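The lines below spell out each chain.
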Amino acid sequence: MPEILENIRNRKTFAIISHPDAGKTTLTEKILLYSGAIQIAGAVKSNKIRKTATSDFLEIEKQRGISVATSVLSFEYSDKKINLLDTPGHKDFAEDTYRTLTAVDSVILVIDCVKGVEEQTEKLMKVCRMRNTPVIVFINKLDREGRDPIELLDEIEAKLDIHVRPLSYPLGIGYQFRGVYNIFKHSFAFYQTNKQRIEEDVKLFNGLSDPELDKSFGSDAEKLRHDVNLVEGIYGEFDIQNYLSGQVAPVFFGSALNNFGVKELLETFIEIAPNPLPREATNGFIEPSSEKFSGFIFKIHANLDPKHRDRIAFLRVCSGKFERNKYYHHVRLKRDIKFPNPASFMAQSKSLVDDAYPGDVIGLYDSGIFKIGDTLTEGDTFMYKGIPAFSPEVFRIVRNTDPFKSKQLEKGIQYLTDEGLAQLFTQNLGNKKVIGVVGELQFDVLKYRLLHEYGASVDFLGMPSYKAFWVLFETESDIEDLKRLRYNSLYEDKNGHLVFIAESEYTYHMAVEKNPKARFLSAIEHNDFTVNL
Ligand code: G4P
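Reading guide: rules and limits
- Just so you know, the residues in each chain are numbered from 1, in the order the chain's sequence is written.
- Per-residue local features of the predicted model are confined to residues with pLDDT of at least 70, and side-chain atom pairs are confined, for both listing and counting, to 80 or more; whole-chain, interface and lining totals are unaffected and use all residues.
- Side-chain numbers come from the whole structure's heavy atoms, not from hydrogens or water.
- A pairing counts as a salt bridge when a side-chain nitrogen of Lys or Arg comes within 4 Å of a carboxyl oxygen of Asp or Glu.
- Put simply, DSSP H or I for four residues or longer makes a helix, DSSP E for two residues or longer makes a strand, and each gets a number counted from the N terminus.
- Using a 1.4 Å probe on the protein chains alone, a residue whose accessible area is under 20% of its type maximum counts as buried, one over 50% counts as exposed, and one in between counts as partly exposed.
- Working rule for contacts: check all heavy atoms of both residues, and any pair within 4.5 Å makes them a contact.
- When at least one non-hydrogen atom of a residue lies within 4 Å of a molecule or strand, that residue is treated as near it.
- Think of a polar contact as two N or O atoms within 3.5 Å of one another; within protein, one of them needs to be a possible hydrogen donor and the other a possible acceptor, and neighboring residues in sequence only count if both atoms come from side chains.
- Only the protein chains shown count as covering a residue, and every accessible area follows the Shrake-Rupley method with a 1.4 Å probe.
- Any residue that is not Ala, Val, Leu, Ile, Met, Phe, Trp, Tyr, Cys, Pro, Asp, Glu, Lys or Arg is counted as polar, Gly included; the first ten are nonpolar and the last four charged.
- Comment: axis = line fitted to C-alpha atoms, over the contacting stretch for helices; angle = value between 0 and 180 degrees taken between N-to-C directions.
- Reported orientations rely on four angle classes, namely roughly parallel under 35 degrees, roughly antiparallel over 145, roughly perpendicular from 65 to 115, and oblique for the rest.
- In this scheme the crossing of two helices becomes right-handed for a clockwise turn of the near helix relative to the far one and left-handed for an anticlockwise turn of less than a right angle.
- Stacked, tilted and edge-to-face are the three classes applied to pairs of Phe, Tyr and Trp rings, where Trp contributes its six-membered ring and a pair requires centres within 6.5 Å; stacked means planes under 30 degrees apart, edge-to-face means over 60, and tilted covers the rest.
- Ring-over charges, as used throughout, are those where CZ of Arg or NZ of Lys falls within 6 Å of the ring centre and within 35 degrees of the ring normal.
- Two strands pair under a simple rule: DSSP has to find at least two bridges between them.
- Charged residues are defined narrowly, with Lys and Arg counted positive, Asp and Glu counted negative, and His plus the chain ends left uncounted.
- Think of the arc as the fan of directions from the helix axis to the C-beta atoms.

Asks: Just to check I follow, could you spell out the pattern of salt bridges for this structure?
Replies: Side chains carrying opposite charge are able to pair once their charged atoms draw close together. In total, this model carries 33 salt bridges according to the counting rule given. Lys223 is paired through a salt bridge with Asp227; the nearest N and O atoms lie 2.9 Å apart. Residue Lys223 and its partner Asp227 are located together in helix H8 (residues 220-235), separated by four residues, close to a single helical turn. One connected set of salt bridges, linked through shared partners, spans Arg311, Asp366, Glu419, Arg449 and Glu453.

In structure tokens form, the structure reads like this:
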């Protein structure tokens, strides 16, 4: 088998997503424990920025340090190379998560059985649904008094716009939790609390009618038969194609903290999760097995040492083979560049890589040449599509409080917005700058980093705002009314596209009504301005 094809078949690249506190960090740790990538529980630090730390800059910096080290966790399991891309838990960094989701081939979604589908779960799943990303659901914390499993499954279907198919089913919940029945293997994993244990206590049955079931569970055996028959009746056959096309999500139940149900989840994941898939670019779909290397930047992380302004740009390899020290084409800059020190990541440590294959993520040292969405190729000029930019939710006007540091401020804002930390909108040939972010916390991070990395000090002034809309139009006459009445609300984004920052929902609706030939988009793709996600 050709080398590239063999490597593609060996790789699976995925992310674990959840609403904060559902158990993503705990599950990640247990998966690493099974793979042997770490030896003891507690070795993976939570990368979440806790709610209490909202104005604690040092804490933010510390947390950022942890999250860069765990941005990509590569490990081997059953002879497969698994790349687990970590995503920030804090909702103010949600946009980073959305972009990371463009670099994976599938996801595991963790849901807390007490809380069910939460706000962030819905937002993250929306991004997965846009790309039909295959999803496996893990319903966690079965050791707690959670909600009825069928009710949870119904809620997932209703709120997340995806069909579900339980592959296991719990017997009891919370205090009464006895374990999980594997519907396909007809085996039962008995629940035991033990955080370090790897082997599970599993018993195989000869189908649901097996009298051994009564011996093991007494009067609960009937309940188990009833529940599993019900599930079989409601959800029908599991078709792997429907999972791969993102239409049906297989569901597992367990308790990550107690290391329960994780092995089953991981083994099914290894069996069914997709290998690196073809990706859409401006000239059509690019096959991973193509001879020529290509990839895109989905995340940029600043160096933690303020004295060094270099950053790490994370590149997902999409096709061919990446080789260290070989010249590749930076499509946006139209320049050929080579990378002497590409890095790969293994649990907490970073090491030099000589080559990488589709599905792999490598860290490239970046002196400021990369933006989110940039494509590298072996000479081709296409760009990868599908990397979203969403309208920010909070807007502030930038006020320079140290006029002698204007240049530094300009540069700092340029770099930090390239990283995707915030979006920049300008007016009056760049003299009025508005920063838009997903959550308030990013203003604290920006202010801190502008001062510590660039020596620039700023204030952020509030402004009335609802949302930003990218405006598409054919001729100037399409936006005549907008220019006349809303001139002060019109800005340019970093790529020179026209953006309307509506003061209120009302002004947005008025603008849409009065400018019927223009299109107002609240989300775009970095390399394809015409797509409303
Ligand atoms: P996150 O990354 O999704 O934000 O969640 P994380 O894994 O940090 O888990 C959030 C909390 O839920 C943690 O408790 C964790 O121990 C707990 N947890 C995770 N899985 C289970 C489970 O299966 N059962 C129960 N009962 N709890 C679970 P914490 O007190 O917030 O943090 P910690 O002090 O334990 O780290």
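From this point, things continue past the structure.
Asks: For this particular structure, what's the right way to read helix H10 (residues 262-272)?
Replies: Because each turn of an α-helix spans 3.6 residues, side chains separated by three or four positions end up pointing in the same direction. Of all 11 residues that make up H10, eight are buried, and the element is covered over most of its length. Of all the positions in H10, only Val262, Glu264, Leu265, Leu266, Thr268, Phe269, Ile270 and Ile272 are classed as buried.

Asks: How should I be thinking about the environment of Asp210 in this particular structure?
Replies: Relative to the assigned elements, Asp210 resides in the loop between strand S10 (201-204) and helix H7 (212-217). Judged by relative accessible area, Asp210 falls into the buried class, the value being 11%. Between the C-alpha atoms of Asp210 and His186, which are 24 residues apart in sequence, the distance is 9.9 Å. Not counting residues within four places of it along the chain, the set of residues in contact with Asp210 comprises Phe205 and Arg225.

Asks: For this particular structure, what's the right way to read the site of the ligand?
Replies: Every one of the 17 residues lining the ligand counts as a neighbour, but Asp21, Lys24, Thr25, Thr26 and Ser255 are closest to it. Contacts to the ligand include Lys24, whose backbone N or O atom sits 2.8 Å from an oxygen atom. In the model, an oxygen atom of the ligand is placed 3.3 Å from a nitrogen or oxygen of the Leu257 main chain. When the ligand sits alone it has 700 Å² of accessible area, and the protein chains cover 69% of it. With three residues, helix H2 (residues 24-35) is the largest single contributor of residues to the shell around the ligand. Here the shell around the ligand is built from residues that sort into four nonpolar, seven polar and six charged.

Asks: Would you mind showing me how to read the packing of helix H6 (residues 149-160) against H8 here?
Replies: Packed helices, taken two at a time, are described by the angle their axes make and the gap between the axes. Across the interface, H6 lies against H8 with an axial gap of 12 Å and an inter-helix angle of 20°. Of the possible angle classes, the one that applies to H6 and H8 is roughly parallel. The way H6 lies across H8 gives a crossing that is right-handed. Listed contacts from H8 to Ile150, Leu153, Asp154 and Glu157 of H6 are Leu230, Val231, Ile234 and Tyr235. Class assignment for the residues of the contact of H6 with H8 results in six nonpolar, no polar and two charged.

Asks: Would you mind showing me how to read the packing of aromatic side chains here?
Replies: Aromatic ring pairs are described here by two measures, namely the spacing of the ring centres and the angle between the planes. Inspection of every chain in the model, using the stated rule, returns 26 aromatic pairs. Aromatic side chains Phe293 and Phe322 sit 5.4 Å apart centroid to centroid with 70° between the ring planes, which places their arrangement in the edge-to-face category. With Phe293 in the loop between strand S13 (284-286) and strand S14 (294-302) and Phe322 in strand S16 (residues 322-323), this residue pair connects regions lying 29 residues apart in the sequence. Residue Phe322 is classed as buried on the basis of its relative accessible area of 0%. An aromatic cluster of three or more residues is present, and its members are Phe296, Phe298, Phe314, Phe382 and Tyr384. The residue whose ring lies beneath Lys299 is Phe314, and the NZ or CZ to ring-centre distance is 6.0 Å.

Asks: Please explain the sheet that holds strand S9 (residues 187-190) as it appears in this structure.
Replies: What links the strands of a sheet is backbone hydrogen bonding, and the strands pair in either a parallel or an antiparallel sense. One open sheet accounts for four strands, arranged S7-S8-S9-S10; its pairing is antiparallel. If you trace the sheet from one side to the other, it starts and ends with strand S7 (168-171) and S10, each paired once. Neighbouring strand axes in the sheet, compared pairwise and without regard to direction, differ in orientation by 25° on average. Pairing geometry for strand S8 (residues 179-182) and S9, over four bridges, is antiparallel. Looking across to S9, one finds that Val180 is bridged to Ala189.

Asks: Help me out: how do you make sense of the sheet that holds strand S11 (residues 248-253) in this one?
Replies: Within the open sheet, the seven strands sit side by side as S2-S3-S1-S4-S5-S11-S6. Their pairing is mixed. Two strands bound the open sheet, and with one partner strand each, they are strand S2 (72-77) and strand S6 (163-166). This sheet shows a mean twist of 30° between the axes of neighbouring strands, independent of strand direction. Bridging between S6 and S11 involves four bridges; their strand directions are parallel. Bridge assignment links His163 to a residue of S11, and that residue is Val248. Across the sheet, helix H5 (residues 119-130) is in contact with strand S1 (11-18), strand S4 (106-112) and strand S5 (135-140); its angle to S4 comes to roughly 160°. Seen against the sheet, H6 touches S4, S5, S6 and S11 and runs at an angle of roughly 150° to S6.

Asks: It is not clear to me how the side chain of Asp478 should be interpreted in this structure. Could you clarify?
Replies: Within the secondary structure, Asp478 sits in the loop between strand S29 (467-472) and helix H13 (480-485). The buried charged residue Asp478 lacks any salt bridge, with Lys517 as its nearest oppositely charged partner at 4.6 Å. Polar contacts involving the side chain of Asp478 include one to the main-chain amide nitrogen of Glu474, which spans 2.9 Å. For Asp478, the contacting residues outside a window of four places in its chain are Phe473, Asn515, Lys517 and Ala518.

Asks: I tried to follow helix H14 (residues 505-514) on my own but got confused; where do I start?
Replies: Taken together, the buried positions of H14 are Thr507, Tyr508 and Ala511. The buried residues of H14 all sit within an arc of 105° when viewed along its axis, so they share a single face. In H14, those exposed residues whose orientation departs by more than 90 degrees from the buried face are Tyr506 and Glu513. Looking at the packing, one finds that the buried side of H14 touches S29, H13, strand S31 (498-502) and strand S32 (519-521).

Asks: Can you walk me through the packing of helix H4 (residues 94-101) against H5 in this structure?
Replies: As a packed pair, H4 and H5 sit with axes 9 Å apart at the nearest point and diverge in direction by 35°. In the crossing of H4 with H5, the sense of the turn from one axis to the other is right-handed. Along its contact with H4, which presents Ala94, Thr97, Tyr98 and Leu101, the element H5 presents Gln120, Lys123, Leu124, Val127 and Cys128. Here the contact of H4 with H5 is built from residues that sort into six nonpolar, two polar and one charged.

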